[in-house]
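Chains, contacts and geometry: an overview
Chain by chain, the residues run as shown.
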Amino acid sequence: MLFKLTDEHLMIQNMVREFSRKVVAATAMDRDKSKEFPADNFKQMGELGLMGMMIPEEYGGEEADTISYVLALSEIAYSCASTSVVMSVQNSIVCESLNKFGSQAQKEEFLVPLASGEMIGAFALTEPEAGSDPVSQEATAVKDGDDFIINGTKRFITSGKHSKVVLVTAKTDETKGHKGISCFIVPKGTKGLVVGHMEDKMGLRASDTTDLIFENCRVPAANMLGNEGDGFKIAMSGLDSGRIGIASQSLGVATAAFDAAVKYAKKRKQFGSAISKHQAIRFQIADMAVQIEAAKQLVFSAAAMKDRGEVFTKEASMAKLFASEMVNTVTARAIQMHGGYGFTKDYDVERYYRDARVFTIYEGTSEIQRIVISNNILRDKRKP
Ligand code: CAA
């Protein structure tokens, strides 16, 4: 392996692995059926310092590096992808955006309870008609005295229902393209913010994905995150970090599917021997292991660049593209190796396959990752 993990990395990995396989795994299959939000997992994860891992201690975080975060998130995803997506959005797009762009007062009021896991946050960028192209969003925020009044509908918002605070983007100047988008911190309970339709999804069923409707929602100007016009930059920089999260999630689910497939192949007998003795299966196992290892190197590489303070946009997109495509291949192969049993809900691989399907879609589709990668190759690099 390219990176030598430190004793501290290994300690964090072991601690999260133990918690994840004992506590998180215990209810994952049931929650997939019941769609029950894993609130009790998050309470314990907050106590373990997993909800604001990379945030300074003074704001309720653990001040861990990104490698530790990748290890922890992968371990949670190994047991329950629904739990891991909430952890990912919370740590990266929500907490890191507040830490990077928030004022002292905003950090004290919102970051501290978020990073310490006392409350869940959401990031609302996507709209019904603006997914891959968030600059075309229609939500508006109009200045009115010391306030802004937000109107618009956000779609596919992770933790839309269970979050207690939402970072939302809206246009403050229709004429300025991406520079006319600003970001606001809106606590739940603010008049005019309504949780709308909840999606009935193929996977990640215990994580809620909802519309958020803003109807003349008045927030103080002091709740603007960053400066007027910073909203797109905040979203893009949050997504850089978020994409390392989705890549880590992909690693965790792929490893779980791989382990399940190997275990099954050793146990299942056909033609007089364990199917793991058959070359067709052995080659599948070899290919899956190579794919997972290759993804791991890309994820660690992007995380290490982030830790060194370098621009890691391209590398985060590479890791997200490769790892999310990889997990779709690996989970499909794990089902194939399980034969008919893999198609039933008695085996975890069926859930892994459904959960992984969205990884090539959210936080930027594979097509968007290719745009980001090629743009960064073909034009001048941004400075950190
Ligand atoms: N960090 C900081 N600033 C960035 C940036 C980054 N990574 N990427 C771009 N910018 C800045 C640029 O510097 C530029 O600013 P200036 O004009 O001041 O120089 C500005 O943003 C515009 O950049 P581009 O010209 O590159 O933007 P674009 O419009 O050509 O392309 C895009 C942008 C890559 C297509 C982008 O729109 C994109 O990533 N789309 C996908 C959106 C997405 O991932 N949505 C996911 C929704 S969130 C979600 O899924 C969360 C969840 O709940 C799970």
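This text goes with the structure placed above it.
Residues numbered from 1 in each chain as written. Predicted model: local features only at pLDDT ≥ 70, side-chain atom pairs only at ≥ 80, totals over all residues. Heavy atoms only, no water.

1. With respect to unusual backbone geometry
In this structure, Asn216 takes a positive phi of about 50° despite not being glycine. You can see Asn216 is positioned in strand S7 (residues 209-220). With relative accessibility at 56%, the residue Asn216 sits in the exposed group. (Helix = DSSP H or I, 4+ residues; strand = E, 2+ residues; numbered from the N terminus. Buried < 20%, exposed > 50% of the residue type's maximum accessible area, 1.4 Å probe, protein only.)

2. Some thoughts on a negative patch on the surface
Together, Glu57, Glu58, Glu62, Glu63 and Glu108 make up a negatively charged patch on the protein surface. Given a relative accessible area of 48%, Glu108 falls into the partly exposed group. (Patch = residues over 30% accessible without salt bridge, like charges linked within 9 Å, V, L, I, M, F, W, Y side chains within 5 Å. Areas by Shrake-Rupley, 256 points an atom, 1.4 Å probe, with all protein chains shown as cover. Salt bridge = Lys/Arg side-chain N within 4 Å of Asp/Glu carboxyl O. Lys, Arg positive; Asp, Glu negative; His and termini not counted. Charge placed at Lys NZ, Arg CZ, Asp CG, Glu CD.)

3. A closer look at the site of the ligand
What surrounds the ligand is a group of 23 residues, the closest being Thr158, His178, Asp240, Arg243 and Arg379. One nitrogen or oxygen atom from the main chain of Glu363 is found 3.0 Å from an oxygen atom belonging to the ligand. Alone, the ligand offers 1,100 Å² of accessible surface; in the complex the protein occludes 76% of this. Elements supplying a minimum of two residues to the shell around the ligand: helix H6 (231-267) and helix H10 (366-378). (Near = heavy atom within 4 Å. Polar contact = N/O pair within 3.5 Å; in protein donor to acceptor, adjacent residues only side chain to side chain.)

4. Looking at the nonpolar core
Among the nonpolar cores identified, the biggest contains 92 residues, and Met87, Leu98, Phe123 and Phe359 are the most heavily contacted of them. Counting residues per element, this core draws most heavily on H6, which supplies 15 residues. Those residues in contact with Phe123 that lie beyond four places of it in its chain are Val89, Ile93, Val94, Ser97, Ile157, Leu167, Thr169, Cys183, Ile234 and Ala235. (Core = buried A, V, L, I, M, F, W, Y, C linked by side-chain atoms within 4.5 Å. Contact = heavy atoms within 4.5 Å.)

5. Side note on the packing of aromatic side chains
Going through the model one piece at a time under the given rule, you end up with five aromatic pairs. An angle of 40° between the planes, with centres 5.3 Å apart, marks the rings of Phe37 and Phe42 as tilted. The two residues Phe37 and Phe42 agree in class, both being buried. For the pair Tyr341 and Tyr347, a centre-to-centre distance of 5.8 Å together with 50° between the ring planes defines the contact as tilted. Here the aromatic residues Tyr264, Tyr341 and Tyr347 are joined through ring pairs into a cluster of three or more. Geometry around Tyr78 places Arg21 over its ring, the cationic atom sitting 3.7 Å from the centre. (Phe/Tyr/Trp six-rings, centres within 6.5 Å; stacked < 30°, edge-to-face > 60°. Lys NZ or Arg CZ within 6 Å of the ring centre and 35° of its normal.)

6. So, the side chain of Thr209
Mapping Thr209 onto the fold places it in strand S7. Taking the relative accessible area as the measure of exposure, Thr209 reaches 10% and is therefore buried. Within the local environment of Thr209, its side chain forms a polar contact with the side chain of Lys201, the two groups lying 2.8 Å apart. In this structure Thr209 touches Phe156, Ile157, His197, Met198, Glu199 and Lys201, once residues within four positions along its chain are discounted.

7. Side note on the packing of helix H3 (residues 66-79) against helix H4 (residues 81-101)
The contact between H3 and H4 brings their axes to 6 Å, and the two run at 155°. The orientation of H3 with respect to H4, classified from their angle, is roughly antiparallel. Taken together, the residues of H4 that come into contact with H3 (itself represented by Tyr69, Ala72, Leu73, Ile76, Ala77 and Ser79) are Ala81, Thr83, Ser84, Met87, Ser88, Asn91 and Ser92. The residue makeup of the contact of H3 with H4, split by class, is seven nonpolar, six polar and no charged. (Axes fitted to C-alpha atoms, helices over the stretch in contact; angles between N-to-C directions. Parallel < 35°, antiparallel > 145°, perpendicular 65-115°, else oblique. Nonpolar A, V, L, I, M, F, W, Y, C, P; charged D, E, K, R; others polar.)

8. Regarding the environment of Met288
Inspection of the secondary structure assignment puts Met288 in helix H7 (residues 279-307). The class for Met288 is buried, based on a relative accessible area of 0%. Here the alpha-carbon distance between Met288 and Val330, two residues 42 residues apart in the chain, equals 5.8 Å. The contact partners of Met288, leaving out residues within four places of it in the chain, are Phe258, Ala261, Val330, Arg333, Ala334 and Met337.

9. A look at the pairing of S7
Two faces, one strand: in a regular strand the side chains alternate between the faces of the sheet. Pairing of strand S3 (residues 147-158) with S7 involves nine bridges; the strand directions are antiparallel. Counterpart to Ile150 in the pairing with S7 is Cys217. Here four bridges tie strand S6 (residues 193-198) to S7, and the two strands are oriented antiparallel to one another. Counted as the bridge partner of Met198 is Thr210 from S7. (Pairing = 2+ DSSP bridges.)

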